[in-house]
Amino acid sequence: MRKKTIEKHKVQRDTVLAAAAKMFSERGFAGASLNDVAKDLDISRPALYYYFSSKQEILSSLVDEVSVKINRIIKERISKSEDVVTKFYDMTYETALFVMRNTTSYMVVIKTEDELVDETRALNLEAKKASFEAFKAVIQEGVDAGRFRKLDSGVAALGIIGM
């Protein structure tokens, strides 16, 4: 595919993903159908299948767009600074910003965790655990360096990321 065609496909796929997230948020995963998504986008159901083969594939893509991406953001922020306070601030800020910009998708992933297929559930759990461990490690680094007050870094990490 040419670059312009690839970019157009990604934009259209992202549009379908956003519409599906909105539909899942409003009606629940079980209550929304691909027909509903197609109708909302004013496209045919076969056109929708060009981008996603099933609701489960859409949900898997949302996990990748949310849980996996948050974990990537955290890792990037950790690697960009030596100072623990800056790392912690950047991780927290960028994670919160991502959630605010992607609230619907974020909430769908949280609400549908029980409906994920095993492979996607494992990916989601792995990404969430990695995010938790990264926050915990940075908080502990700050405690050890005397930059943060003494506290249980695991409890603090859970409080920040809302698990």
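Anything mentioned here points back to the structure above.
The structure contained in this document is the topic of the report that follows. (Residues numbered from 1 in each chain as written. Predicted model: local features only at pLDDT ≥ 70, side-chain atom pairs only at ≥ 80, totals over all residues. Heavy atoms only, no water.)

### Quick word on the pattern of salt bridges
The test is simple: Each reported salt bridge corresponds to a side-chain nitrogen of Lys or Arg within 4 Å of a carboxyl oxygen of Asp or Glu. Each residue gets one of three labels from its accessible area relative to the maximum for its type: buried under 20%, exposed over 50%, partly exposed in between, using a 1.4 Å probe on protein chains only. Helix numbers and strand numbers start at the N terminus; a helix is a DSSP run of H or I with at least 4 residues, a strand a run of E with at least 2.
As enumerated under the stated definition, the model contains nine salt bridges in all. Between Arg27 and Asp36 there is a salt bridge, with its nearest N and O atoms 2.9 Å apart. When its relative accessible area of 45% is taken as the criterion, Arg27 is described as partly exposed. In this structure, Glu94 engages Arg77 in a salt bridge whose closest nitrogen and oxygen atoms are separated by 3.9 Å. Residue Glu94 is located in helix H5 (residues 84-101), and its partner Arg77 is located in helix H4 (residues 55-79); the two are separated by 17 residues in the primary sequence.

### Structural notes on the environment of Val84
Selection criterion: Residue contacts are defined here by distance: any two heavy atoms, one from each residue, within 4.5 Å place the two residues in contact.
Among the structural elements, Val84 can be located in helix H5. In this structure the C-alpha to C-alpha distance between Val84 and Phe148, which are 64 residues apart in sequence, comes to 9.3 Å. The contact partners of Val84, leaving out residues within four places of it in the chain, are Val138, Glu141, Gly142, Arg147 and Phe148.

### Comments concerning the side chain of Ser61
As for its placement among the helices and strands, Ser61 is situated in helix H4. Excluding its chain neighbours within four sequence positions, the residues that come into contact with Ser61 are Arg13, Leu17 and Phe52.

### Re the packing of helix H1 (residues 3-27) against helix H6 (residues 103-111)
Threshold: Fitted lines through C-alpha atoms give the axes, limited to the stretch in contact for helices. The angle between two N-to-C directions lies from 0 to 180 degrees. Orientation categories follow fixed angle ranges, with anything under 35 degrees roughly parallel, anything over 145 roughly antiparallel, 65 to 115 roughly perpendicular, and all other angles oblique. Crossings are classed by handedness, with left-handed meaning an anticlockwise turn of the near helix from the far one by less than a right angle and right-handed meaning a clockwise turn. Side-chain classes are defined by residue name, with Ala, Val, Leu, Ile, Met, Phe, Trp, Tyr, Cys and Pro counting as nonpolar, Asp, Glu, Lys and Arg as charged, and the others, Gly among them, as polar.
Taken N-terminus to C-terminus, the directions of H1 and H6 make an angle of 55°; their axes are 9 Å apart at the nearest point. Comparing the axis directions of H1 and H6 gives the class oblique. For the pair H1 and H6, the sense of crossing is left-handed. Contacts between H1 and H6 involve Ala21, Lys22, Phe24 and Ser25 on the former and, on the latter, Thr104, Ser105 and Val108. In the contact of H1 with H6, the residues fall into three nonpolar, three polar and one charged.

### Remarks on the packing of aromatic side chains
Threshold: The pairing test for Phe, Tyr and Trp rings, Trp by its six-membered ring, is centres within 6.5 Å, and the orientation test on the planes gives stacked under 30 degrees, edge-to-face over 60, and tilted for anything in between. Note on geometry: a ring has a charge over it if NZ (lysine) or CZ (arginine) is within 6 Å of the ring centre and within 35 degrees of the ring normal.
Tallied over the entire structure, the rule returns five aromatic pairs. Put simply, the rings of Phe88, Phe135 and Phe148 touch in pairs and so form one group of aromatic residues. The lysine or arginine in question, Lys55, covers the ring of Phe29, its NZ or CZ lying 4.5 Å from the ring centre.

### Examining unusual backbone geometry
Unusually for a residue other than glycine, Asp42 sits at a positive phi of about 60°. Summarising the element assignment, Asp42 is placed in the loop between helix H2 (34-41) and helix H3 (45-49). Look at Asp42 and you get exposed, because its relative accessible area is 71%.

### Here's the deal with the nonpolar core
Formally: Nonpolar core, defined: a set of buried Ala, Val, Leu, Ile, Met, Phe, Trp, Tyr and Cys residues in which side-chain atoms within 4.5 Å join the residues together.
By size, the foremost hydrophobic cluster in this structure holds 40 residues, and its most contacted members are Phe24, Ile58 and Leu62. For this core, the elements supplying multiple residues, two or more each, are H1, H2, H4, H5, H6, helix H7 (118-144) and helix H8 (153-161). The leading source of residues in this core is H4, at eight residues. Apart from the residues within four sequence positions on either side, Phe24 is in contact with Phe29, Ala32, Lys55, Ile58, Leu62 and Val108.

### With respect to H8
Note the threshold: Here the arc refers to the directions that run from the helix axis out to each C-beta atom.
Within H8, the full set of buried residues consists of Ser153, Gly154, Ala156, Ala157 and Ile161. The buried residues of H8 occupy an angular sector of 160° when projected down its axis, which confines them to one face. Opposite its buried face, H8 presents the exposed residues Val155 and Gly159, each directed more than 90 degrees away. Residues of H8 that are buried in the fold lie against H6 and H7.

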